[in-house]
Structure formats: structure tokens, C-alpha cells
Amino acid sequence: MKTIQVQLDQRSYSIQVEPGLINNIPEILSNHNHGQKWIIISQYRLMEFFGFDLQLNLKNAGFDCDFITVPVGEAAKSLNEFSRIISQMIDMRCDRSTTILALGGGVVGDIAGFVASSFMRGIKYYQIPTTLLAMVDSSIGGKTGINTAEGKNMVGSIYQPKGVLVDPDLLNTLPREEVISGLGEIIKYGAIWDADFLNNISIWLDDLNSFPLDKAVEKSCTIKADIVSKDERENGLRQLLNFGHTIGHALEAHLGYGRIRHGEGVALGMKCAGWISSQLGILDKNQFQNLTTTIDKLTLPKLPHMDPNTILSFVKNDKKIRNGILHFIVLDQLGKGNICETVSDDLIINSLKVIQ
Ligand SMILES: NC(=O)c1ccc[n+]([C@@H]2O[C@H](COP(=O)([O-])OP(=O)(O)OC[C@H]3O[C@@H](n4cnc5c(N)ncnc54)[C@H](O)[C@@H]3O)[C@@H](O)[C@H]2O)c1
Ligand SMILES: [Zn+2]
């Protein structure tokens, strides 16, 4: 088993990565079971895949374990669902000692984490990610949140889990497009942090069927844990994780959530951000070409015609704008991200041609 530490003083926790780990969860958590209620928050289909077995194993090991399901898709990250879960937990007689197990992708992790951060002023929770994107990104670092009519993740908190339990075997049932979406985030780690890793990813992508997902998950978790440990609240270094996200989010918002997956938007956004970096004379043109070649190995959705000004208006509404300044993530070189505050509107608009 690979164990990776997120170092945040009293809020430190470990990420455990091991194929088949889901079967060992009762054993892993046994020291933390003091007779309290445990609630698995998941989606019904994921309960059928893995959740009912997990619940049974926990019950057999003496855990008092219930479950709550949320709908599939972004709709689950809503104020309505939030209040429904809270009511259900009160009905189930949950209290301050209750511990949540968030079993699912980023959607489940985000809403379950937000519930954990606010139920009775905060209760313990563990992330058990089931998508590639959740394993390498959303389950680590404590960002939780829900959407409002005005936008994604408008309400939320930074509230760290007590642990992240990653079983790469759960990816066997994950649809290919969801795997590709997660690979978008994995490429991001190589691009901003580790050129050798990026190089390996590029080679591995030549045959997706034999891509060593468990190795890539371990490495990505290590990079994310390292960055979050140094900058939990995104005052500096953690901003690098937004590479590809400014334009990626704008694409998601413009095309409509559900039309393009998060990691797909990030992959396309990284091509634009790479192009911007090379136009600014920061990133060598050959290195930009390498990045593009790697991203193009992913099968990404074909984009309809997009209005560049609408994309720009979404960029301007981005949460990464602080005091009116856009903190755009560029690459100094492959494996080295940086923050740039002087990316012009024209450059953003022109960059869209590399993805259309
Ligand atoms: N908190 C963070 O730091 C952070 C970071 C990135 C993204 N996010 C959020 O994550 C969300 C996207 O997460 P996602 O990409 O995991 O999508 P998701 O949670 O919607 O899951 C994608 C689909 O895969 C299905 N699924 C999940 N695991 C499966 C499995 N093992 N086998 C078969 N099907 C499975 C789900 O039911 C769903 O239909 C967005 O809401 C985004 O805002 C949060
Ligand atoms: Zn992301």
C-alpha cells in the first residue's frame, strides 16, 4: 500500500492508494469506530457497484452504518439536495460524532464534504473516490462546495477529510470518457510540476488500454498532497493547480455543464494556456508542441462554434480574479508552472484558435 501524507498540522491526513483497498476499509477504519453512526453518501448505481458490499462489510465488523444517495450529475450539488441530506441525517439521529464516507466522484465528494463541514458545525468525513478525476484531484485538499443558479461552487468551504482511501480497481467500471476526463487533470500535474512524469504520461497514452492508472494515480496524489501541504488556502502555489482551468471553466460554462466534462475542458484549456505561454515568450515553442501532442492523444469532444467574446466574459467572471486581476497560470517550461497577471484579453481570444 502506498501512503501519502497531506501535512497540515492538526488537520494532517493520509491518502492510501492500493488496488483492492475497498475490501479492507473496515480494518482501516476500525480504530476510528467508537460506536458512532457512519453514513455512506453516494449515488444509487455506485451503491449497487460497491456501496452495498461496503456497508455490509462495515456492519459485519460492528459499524453502525447507513447510507444516503444523491442524484447523478451537477444537480446533486444544490442547496435543495444539501438541505434534504441534512434532514435525512437528523431523521437518522446523526449527531456530532457521526462520520461520513463520501463514496463517488467529484460531485459526491463535493456535496458530502460540504455537508460534513456544516452539519452540527462540522463532523468527520473520509473520501472514497470512484472516478479518476476524484482520485487524483477533488478528493484531496478539502475543497467542498455546491452550486447556485448563478454559478458553480458558489457556496463552499475548505474542510479537510480525515483520510482519502483510493482503490484504483474501482476504475474498472468507469466509462472511457470519464477516464479521459481524469487524464486531463493527470497531464496537468506533469505540465506544472514534473516534466519526467509528463513525458511518461505521453508515452503511456500511446496505448490507453495498458495505461498504468494506479502508477499515475499515486504520482498525481503525491504532487497534489505536496502542493496542498504548502498552500492549503490557495494564496500562492496552489493556484498552479488552476493551469488550464480559466479557459476550461469558461468552456464548461459556455457549452453548458454536462456537454463537456471538467477534465476535458481542462485539457482544452491547457492547450490555450500553453499557446499563451509560448506567445508571451515564456515557454519554448518546441515544448508547447510537446504539450499539445500529449493532449491530442486524448479523445476530446469536438467543439461547436463558440463566440470568443462570450468565452472572454466567462473568463472575466472567474473566481480566480482577485481585486480585478486575473491570475492566469502559464508554463515557464514543461514541469514548471507560474502565475502571470498580465495576460491580455486579445491573447485569450486568440488562443481559442488552437482548440477550434
Ligand atoms: N473539490 C475539488 O477540489 C474539485 C476539483 C475538481 C473537480 N471538482 C468537482 O468534481 C465534479 C466532477 O467530478 P467527476 O468528474 O468525478 O464527475 P462525477 O462525480 O459526476 O462522476 C462522473 C460519472 O461517473 C459515474 N461514476 C463514478 N464512479 C464510477 C465508477 N467507479 N464506475 C462507473 N461509474 C462511475 C458517476 O455516477 C457519474 O455519472 C464537478 O462538480 C467539479 O466541480 C471538485
Ligand atoms: Zn480541475
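A brief structural summary. As the structure is a prediction and not an experimental result, all values here were calculated from the model. (Residues numbered from 1 in each chain as written. Chains lettered and ligands numbered in written order. Predicted model: local features only at pLDDT ≥ 70, side-chain atom pairs only at ≥ 80, totals over all residues. Heavy atoms only, no water.)

We now examine the coordination of the zinc ion (ligand 2). For the zinc ion (ligand 2), every protein donor is listed as Glu185 (OE), His245 (NE2) and His262 (NE2), and the spread of their distances is 1.9 to 2.1 Å. On the primary sequence, the residues serving as donors to the zinc ion (ligand 2) are separated as E-x59-H-x16-H. Here Glu185, found in helix H6 (residues 176–193), pairs with His245, found in helix H9 (residues 245–255); they are 60 residues apart in sequence, far enough to count as distant. Accessibility assignment for this pair places Glu185 and His245 in one class, buried. (Donors = N, O, S within 2.8 Å, 3.2 Å for Na, K, Ca; no water. Helix = DSSP H or I, 4+ residues; strand = E, 2+ residues; numbered from the N terminus. Buried < 20%, exposed > 50% of the residue type's maximum accessible area, 1.4 Å probe, protein only.)

Once that is clear, we can look at the nonpolar core. Within the largest apolar cluster, 92 residues are counted, with the highest numbers of intra-cluster contacts made by Ile15, Ile25, Leu132, Ile187, Phe243, Ile247 and Leu291. Per-domain counts for this core show at least three residues from each of domain 1 (2–173) and domain 2 (176–354). Leave out the neighbours within four places in its chain, and Phe243 touches Lys188, Ala191, Ile192, Val266, Met270, Ala273, Gly274, Leu291, Ile329 and Leu331. If you look at the next biggest cluster of nonpolar residues, it comprises 24 residues, including Val70, Ile85, Phe114 and Tyr125. (Core = buried A, V, L, I, M, F, W, Y, C linked by side-chain atoms within 4.5 Å. Domains from an automatic or database assignment. Contact = heavy atoms within 4.5 Å.)

Attention shifts here to the pattern of salt bridges. A complete count under the given rule lists 20 salt bridges for this structure. A salt bridge links Arg84 to Glu81; its shortest N-O distance comes to 2.6 Å. Taken together, the residues span about one helical turn, with Arg84 and Glu81 both in helix H3 (residues 79–91) at a distance of 3 residues. Linking Asp332 and Lys336 is a salt bridge whose minimum nitrogen-to-oxygen distance equals 3.4 Å. (Salt bridge = Lys/Arg side-chain N within 4 Å of Asp/Glu carboxyl O.)

Turning our eyes to something else, we now look at the environment of Ile247. Tracing the backbone through its elements, the reader meets Ile247 in helix H9. Its relative accessible area of 1% is what places Ile247 among the buried residues. As for Ile247 and Ser351, which are separated by 104 residues in sequence, their C-alpha atoms are 9.5 Å apart. Not counting residues within four places of it along the chain, the set of residues in contact with Ile247 comprises Gly269, Cys272, Ile276, Val315, Phe328, Ile348, Ser351 and Leu352.

Note that every value here comes from positions in space, so none of it alone points to a role or purpose.
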